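Okay, here's what each chain looks like letter by letter:
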Amino acid sequence: MTDLSRFAINQITTKNWSLRQAVDGYARQGVGGIAVWMNYLDDAGVKRGARMIRDAGLFVPSLCTSAWTNLADPTQFQASLDENRRRIDAAAEIGAGCLVVVPGGLAAGERDLVAARLRVREGLEALLPHALGAGVKLGLEPLHPMYAGDRSCLNSFAQCLALCDDLGMGTGIVADVYHCWWDPEFAAGLKQAGPRRILTFHLCDWLVPTRDVYQDRGMVGDGVIDFAFYRALLDEIAYDGPFEIELFSRLDWWERDGDETVRIAVERCGPLVAQRSA
Ligand code: ZN
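All residue numbers here refer to positions counted from 1 along the written sequence of the relevant chain. In keeping with the model being predicted, local features are shown solely for residues with a pLDDT of at least 70 and side-chain atom pairs are shown and tallied solely at 80 or more, while totals for entire chains, interfaces and linings include all residues. Here the side-chain values reflect all heavy atoms present in the structure, with hydrogen atoms and water set aside.

**Remarks on the overall build of the protein chain**
Here is the rule: Secondary structure follows DSSP: runs of H or I at least 4 residues long count as helices, runs of E at least 2 residues long count as strands, and numbering of each begins at the N terminus. Just to be clear, the radius of gyration here is over C-alpha atoms, and the globule rule we use is 2.2 Å times residues to the power 0.38. Buried means the residue's accessible area, taken with a 1.4 Å probe over protein chains only, is under 20% of the maximum for its type, while exposed means over 50%, and partly exposed covers the values in between. Only heavy atoms enter the contact rule, under which two residues are in contact if any of them lie within 4.5 Å. Accessible surface area values rest on a Shrake-Rupley calculation with a 1.4 Å probe, where residue burial reflects the displayed protein chains alone. For this count, His and the chain ends are skipped, Lys and Arg are scored as positive, and Asp and Glu as negative. All charge positions are set by atom: Lys at NZ, Arg at CZ, Asp at CG, Glu at CD.
Looking only at helices and strands, the protein chain has 10 helices and eight strands in total. In terms of overall size, the protein chain behaves like a compact globule, its C-alpha atoms giving a radius of gyration of 18 Å where 278 residues would be expected to give roughly 19 Å. Overall, the protein chain is about 50 × 45 × 40 Å in size when its C-alpha atoms are taken along their principal axes. Within the protein chain, the proportion of its 278 residues that are buried is 55%. Taking contacts inside the protein chain between residues at least 6 apart in sequence as the whole, the part at least 24 apart equals 76%. Working note: accessible area of the protein chain is about 11,500 Å², and carbon and sulfur atoms make up 53% of it. The average position of the 28 basic charges and that of the 37 acidic charges among the side chains of the protein chain differ by 3 Å.

Given below as C-alpha cells:
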C-alpha cells in the first residue's frame, strides 16, 4: 500500500468538483491532504468547509491564493490588504499551513516592474503581523517569468528567497517545480532555503510542446521534468513537508472525470511522495 501521508491534491486539479466532492473524492482514494482554493471554500462556507476537511481527516498544506495586492491605486491597494487578511483568517480556520502569495504582475497601464515589485513587498510587510497572529505563513510562490506581466512579479526562486530573508519569520516558499525547473539556480535555491522554509512542494510536469501557457500543465510523468532528481535533493536536505499535485489542464485533465484524475495522480505520484525512513 502506497504511503500517501505527505501527498495532497491541489483542488484546482479537479476543477469541476466542489469542495465537498474534492474532499470526498480525495479521501476515498487514500490521499492525505487537500490544498484548498478560496472560491470553493467561499462556496462551501469557511466554517462548514473547515468541518468537512477535519471530518475527512485531510491535512491542508495551503490555501490558494492571496488576492492580488499589486494595485497602483491606494484605495484598491488597502482593500486588497483587507481581503488578504480575511483569507489569512480562512486559512487559519481550515488549518492551512500557508496562504499562497500570487500578488499580480504589473498594474493596468504600468511598465515599471521595479515599482510593481516594491509594492508587493510593501503589501507583504503590511500583512505579516496579521499572518503571524493567525499562525499562517505567507507562502511566496515564484511563478514562471512568462507570468510577470499579468499574474505575479515574483518570478524566481532566488528573488523570493531574498524577500523571505528580508521579511523574516512568518514567510516561506511555495516551491513549484513547474515554475522553476528551467532555472539553473533552482536546485541551489532549494538547498539554501532548507527544509523549514519550503512550505509545500508543487508537482506537475512540463509538456513539450505546451499548447496553452496558462492551462496545459502535464500529469507527473508525461513531460520532461526529472522528478526523481528533485525528490533525492529534497531528501538530502531533510525536507519532510507536503507534496502537492497541481494541474491546470483545460485541454486534458479538467475534461476527465475527477475520480480518474485522482486515481492516475495517485498512481504517478505515489512512488515519488512516500515517506522514506532515514
Ligand atoms: Zn503552484
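**Structural notes on the packing of aromatic side chains**
The description of an aromatic ring pair rests on the distance of the ring centres and on the angle between the ring planes. So the rule is basically this: The pairing test for Phe, Tyr and Trp rings, Trp by its six-membered ring, is centres within 6.5 Å, and the orientation test on the planes gives stacked under 30 degrees, edge-to-face over 60, and tilted for anything in between.
In total, this model carries 11 aromatic pairs according to the counting rule given. On the basis of an interplanar angle of 65 degrees and a centroid distance of 5.5 Å, the ring pair of F157 and F186 is categorised as edge-to-face. Highlighted residues: F157 in helix 6 (residues 157–167) and F186 in helix 8 (residues 186–197), separated in sequence by 29 residues. Each ring, one from F186 and one from Y230, has its centre 5.2 Å from the other, and the planes form 45 degrees; the classification is tilted. With F186 in helix 8 and Y230 in helix 9 (residues 227–236), this residue pair connects regions lying 44 residues apart in the sequence. Take Y230: its relative accessible area is 9%, and that puts it in the buried class. The rings of F157, F186, F229 and Y230 are connected pair by pair, giving a single aromatic cluster.

**Observations regarding the nonpolar core**
For the record, the criterion: As used here, the term nonpolar core means buried Ala, Val, Leu, Ile, Met, Phe, Trp, Tyr and Cys residues forming a set that is joined through side-chain atoms within 4.5 Å.
In terms of nonpolar packing, the biggest core is built from 92 residues, with I34, L63 and F201 touching the most fellow members. The leading source of residues in this core is helix 10 (residues 258–273), at seven residues.

**As for the coordination of the zinc ion**
Stated precisely, the cut-off is as follows: Metal sites are built from N, O and S donor atoms within 2.8 Å, or 3.2 Å for Na, K and Ca, and they leave out water, so they may look incomplete. Each label reflects the angles at the metal, where four donors whose angles all fall between 85 and 135 degrees are tetrahedral, four or six donors whose opposite pairs open beyond 155 degrees and whose other angles stay between 65 and 115 are square planar or octahedral respectively, and the rest are irregular.
The coordination sphere of the zinc ion, as far as protein atoms go, consists of E141 (OE), D176 (OD), H202 (ND1) and E246 (OE), spread over 2.0 to 2.1 Å. One can describe the donor arrangement at the zinc ion as irregular, given that its four donor atoms subtend angles of 89 to 166 degrees at the metal. The motif formed by the donor residues of the zinc ion, counted along the single chain, is E-x34-D-x25-H-x43-E. With H202 in strand 7 (residues 198–203) and E246 in the loop between strand 8 (243–245) and helix 10, this pair connects stretches of sequence that are 44 residues apart.

**Quick look at the pattern of salt bridges**
So the rule is basically this: Salt bridges, as used here, are contacts in which a Lys or Arg side-chain nitrogen is within 4 Å of a carboxyl oxygen on Asp or Glu.
Taken as a whole and judged by the stated rule, the model has 21 salt bridges. Taking the shortest distance from any N to any O, the salt bridge between E83 and R87 comes out at 2.7 Å. Residue E83 and its partner R87 are located together in helix 4 (residues 74–93), separated by four residues, close to a single helical turn. Overall, the relative accessible area of 23% leaves E83 in the partly exposed class. R87 sits in the buried class, given a relative accessible area of 17%. With its nearest N and O atoms 2.7 Å apart, the salt bridge here joins R250 to D212. Linking R250 in the loop between strand 8 and helix 10 with D212 in the loop between strand 7 and helix 9, this pair joins segments that are 38 residues apart in sequence.

**Quick word on the sheet that holds strand 4 (residues 98–101)**
Rules: Only strands that DSSP links by at least two bridges are regarded as paired with each other. Inter-axis angles, ranging from 0 to 180 degrees, are taken between N-to-C directions of lines fitted to C-alpha atoms, where helices are fitted over the stretch in contact.
Taken in spatial order, the eight strands close into a barrel running 1-2-3-4-5-6-7-8, and their pairing is parallel. Sheet twist, expressed as the average angle between the axes of neighbouring strands with direction ignored, equals 30 degrees. One ladder, built from three bridges, connects strand 1 (residues 7–10) with strand 8; its direction is parallel. Counted as the bridge partner of I9 is I245 from strand 8.

**Details of the packing of helix 8 against helix 9**
Note the cut-off: Angle categories are assigned with fixed cut-offs, so that under 35 degrees is roughly parallel, over 145 is roughly antiparallel, 65 to 115 is roughly perpendicular, and the rest are oblique. A crossing counts as left-handed when the near helix is turned anticlockwise from the far one by less than a right angle, and as right-handed when that turn is clockwise. Side-chain classes follow a simple rule in which Ala, Val, Leu, Ile, Met, Phe, Trp, Tyr, Cys and Pro form the nonpolar group, Asp, Glu, Lys and Arg form the charged group, and the remainder, Gly included, forms the polar group.
Relative to each other, helix 8 and helix 9 sit at 25 degrees, their axes nearing to 10 Å. Our classification of the angle between helix 8 and helix 9 gives roughly parallel. Note that helix 8 runs across helix 9; the crossing there is right-handed. Of helix 9, the residues touching helix 8 (which contributes F186, A187, L190 and K191) are F229, Y230, L233 and E236. When the residues that make up the contact of helix 8 with helix 9 are grouped by side-chain class, the tally is six nonpolar, no polar and two charged.

**What about the layout of surface pockets?**
Put simply, the test is: Cavities and pockets are found on a 1 Å grid laid over the protein atoms alone: a cavity is a set of points where a 1.4 Å probe fits but cannot escape, a pocket is an open set with protein on both sides within 12 Å along at least five of seven lines, and a lining residue has an atom within 4 Å of such a point. Grid points are joined across faces, edges and corners, and a volume is the space filled by probe spheres set on the points.
In this structure, the largest pocket occupies an estimated 320 Å³ of space. As for the largest pocket, its lining consists of 19 residues, of which W37, T65, V102, R151 and F248 are closest to the centre.

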